[in-house]
Amino acid sequence: MAKIKFPSRTGLKREIFHNTGDLFALDRDEIREKRGSLRPTANRTPASSPASFADNLEVHPSITDFVINARRKEIETAADSDSSLSLDRSELRDTEKLTFISFGSGSSGNCSYLGTRSEGILIDAGVDAENVREQLRSHGISPRCVKAIIITHDHTDHVKYVYPLVKKRPDLGIYCTPKTLTGLLRRHSISRRVKDFHRPIYKEFAFNAGPFEIIPFEVSHDGTDNVGYFIRHGQTAIAIATDLGCITPRVDFYMRQANHIVIESNYDAEMLMRGPYPMHLKARIAARNGHLDNAVTGEFLASIMSERLHNIFLCHLSQDNNRPEIAVETVRKSLANAGIDSIGDGSGSVADREKQLQLVALPRTTASALFTLR
């Protein structure tokens, strides 16, 4: 049985035994007796020096307990093996990997999560709040890990559930431009209380939300004060443009710097022209402030392709004028014409991970898989 000698401030030497994980000190009666012997009496002469006075001071029980507990922790820590410590660090690193989940992408509702398993943000709020929470939990992410909601524009499919997402979270900010907030309150039946959660942002001015540095940039769409986002997390950059009718210089500027891109691929031009929509709606969709044609998306991505780009997520696909397989094939052909043929489908298979680039069409009305952004 190992013996540990512990000197107290009173000069007493207490013996503490460590046996079967427990520490045993002197019993209470003995401690009380020793402490009582140190209390000054009427017949006791004052200490002749500061040193002897300090030696006779009584040690407060909390100090004794603190020192004993500190020593116990030292012993327990020393007993841990280096291998177990390495394992813990590895598990911690796994929880901090950057991930992306889409909860819906299309005219029925848009919302996605970007972050680690410990903190992140929501991009838009057009999907039922309880569905978002359930999907987060299914991936081992607590809804409390959401630190902010960033809004791209004020259309219903991007903001419908913003208040249900924040109403029980006074710490949760809604980040959008002041004009977007005005449009949101003017055009939709949303509680005026969202103003209490508003955090104003401005195009081309960086702000921090959750673990990210974020720059909003101009995109061409017919909402109120529309933005895309360029998001940095350490050395990783993500560019997001969910609704846009054309590729503007600012879109080109930020997309070229990204390692991971979320970009609209809304319609197939032939399907749109032959489809059932009235001509005025077809014209709105195809306008420069409308939505993006698959072919335009593909040509643009091929023009900015570089070794830094690892993931392309095609978003906001039309239900009536597009199909996931058509969007993916159109973009794939454009990339192949530019000499990019090492393209995976984001399935996460061993063969897939060896590909230079992952190309995925996000589901319209259901949640996607959880993607790890490497």
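Below, the discussion takes up the pattern of salt bridges. Overall, the coordinates contain nine salt bridges when judged by the stated rule. Between R133 and E130 there is a salt bridge, with its nearest N and O atoms 3.3 Å apart. With a gap of three residues between them, R133 and E130 both fall in helix α5 (residues 129-138), about one helical turn apart. The class of E130 is partly exposed, set by a relative accessible area of 35%. R256 is the partner of D252 in a salt bridge, and the nearest nitrogen-oxygen pair spans 2.7 Å. The exposure class of R256 is partly exposed, given its relative accessible area of 36%. Overlapping salt bridges bring together E130, R133 and R137 as one network.

Okay, the packing of helix α12 (residues 294-304) against helix α13 (residues 324-337) next. Packing of α12 against α13 leaves a shortest axis separation of 8 Å and a crossing angle of 35°. Remark: the crossing between α12 and α13 carries right-handed chirality. Here α12 contributes N294, A295, T297, G298, E299, L301 and A302 to the contact with α13, which in turn contributes I326, A327, T330, V331, S334 and L335. A breakdown of the residues in the contact of α12 with α13 according to their chemical character gives seven nonpolar, five polar and one charged.

Going through the model one piece at a time under the given rule, you end up with three cavities of 30 Å³ or more. Taken as a whole, the largest cavity encloses approximately 120 Å³ of empty space. Among the elements of the structure, β4 (99-104) and β5 (111-115) are those that each provide at least two residues to the lining of the largest cavity. It is β4 that provides the largest number of residues to the lining of the largest cavity, a total of three residues. When its residues are assigned to classes, the lining of the largest cavity shows seven nonpolar, six polar and one charged.

Here the focus is the confidence of the model for the protein. Per-residue confidence for the protein gives a mean pLDDT of 84; residues scoring 70 or more make up 74%. Contacts of residues 38-55 to residues separated by more than four positions or lying in other chains number 10 contacts, the stretch itself having pLDDT below 50.

This brings us to the sheet that holds strand β9 (residues 198-200). Strand order in the open sheet made by the seven strands is β9-β8-β7-β6-β5-β4-β18, with mixed pairing throughout. Lying at the two open borders of the sheet, with one neighbouring strand each, are β9 and β18 (371-372). By the bridge criterion, five bridges tie β4 to β5 in an arrangement that is antiparallel. If you follow I101 over to β5, its bridge partner there is Y113. The strands touched by α5 are β4, β5, β6 (120-123) and β7 (146-150); relative to β4, the strand with the most contacts, the crossing angle is about 145°.

All right, on to the sheet that holds strand β11 (residues 212-218) then. Judged by pairing direction, the sheet is mixed, and its eight strands sit side by side in the order β10-β11-β12-β13-β14-β15-β17-β16 without closing on themselves. Lying at the two open borders of the sheet, with one neighbouring strand each, are β10 (207-209) and β16 (343-344). Relative to strand β14 (residues 260-264), strand β13 (residues 236-241) is paired through four bridges, and the arrangement is parallel. Looking at β14, one finds that A239 is bridged to I261. Where α12 meets the sheet, its contacts fall on β14 and β15 (311-315), and the angle it forms with β14 comes to roughly 160°. Along the sheet, α13 contacts β15, β16 and β17 (357-361); its crossing angle with β17, the most-contacted strand, is approximately 150°.

A separate point is the pairing of β14. By the criterion of burial, β14 is predominantly enclosed, with five of the five residues buried. Taking every second residue as pointing to the same face, both faces of β14 are buried, with H260, V262 and E264 on one and I261 and I263 on the other. In this view, the connection linking β13 to its parallel neighbour β14 by way of helix α9 (residues 249-255) has right-handed handedness. In this structure, β14 lies alongside β15, joined through five bridges in parallel fashion. The residue bridging H260 from the neighbouring strand is N311, located in β15.

Now for the layout of surface pockets. Space inside the largest pocket adds up to approximately 340 Å³. What lines the largest pocket is a set of 15 residues, and nearest its centre among them are N311, R353, Q358, T372 and R374. Within the residue set of the lining of the largest pocket, elements represented by two or more residues are α14 (350-353) and β18. Looking at the lining of the largest pocket residue by residue, the class counts come to three nonpolar, eight polar and four charged. Its boundaries defined by the atoms lining it, the second largest pocket holds a volume of some 260 Å³. Taken together, the elements giving at least two residues each to the lining of the second largest pocket come down to α6 (156-159) and α11 (279-286). By residue number, the principal contributor to the lining of the second largest pocket is α11, which donates three residues. Looking at the lining of the second largest pocket, its residues break down into four nonpolar, 12 polar and five charged.

In the Ramachandran plot, D225 falls in the positive-phi region, its phi being about 55° despite a non-glycine side chain. The phi dihedral of H316 is positive, around 60°, even though this residue is not glycine. Position of H316 among the secondary structure elements: in the loop between β15 and α13. Judged by relative accessible area, which is 4%, H316 ranks as buried.

Each value, and the rule that gives it
Residues numbered from 1 in each chain as written. Predicted model: local features only at pLDDT ≥ 70, side-chain atom pairs only at ≥ 80, totals over all residues. Heavy atoms only, no water. Salt bridge = Lys/Arg side-chain N within 4 Å of Asp/Glu carboxyl O. Helix = DSSP H or I, 4+ residues; strand = E, 2+ residues; numbered from the N terminus. Buried < 20%, exposed > 50% of the residue type's maximum accessible area, 1.4 Å probe, protein only. Axes fitted to C-alpha atoms, helices over the stretch in contact; angles between N-to-C directions. Left-handed = near helix turned anticlockwise from the far one by under 90°. Contact = heavy atoms within 4.5 Å. Nonpolar A, V, L, I, M, F, W, Y, C, P; charged D, E, K, R; others polar. 1 Å grid on protein atoms, 1.4 Å probe; cavity = no way out; pocket = protein on both sides within 12 Å on 5 of 7 lines; lining within 4 Å. Points joined across faces, edges and corners; volume = space filled by probe spheres on them. pLDDT = per-residue confidence, 0-100. Pairing = 2+ DSSP bridges. Right-handed = clockwise from strand over helix to strand, strands pointing away.

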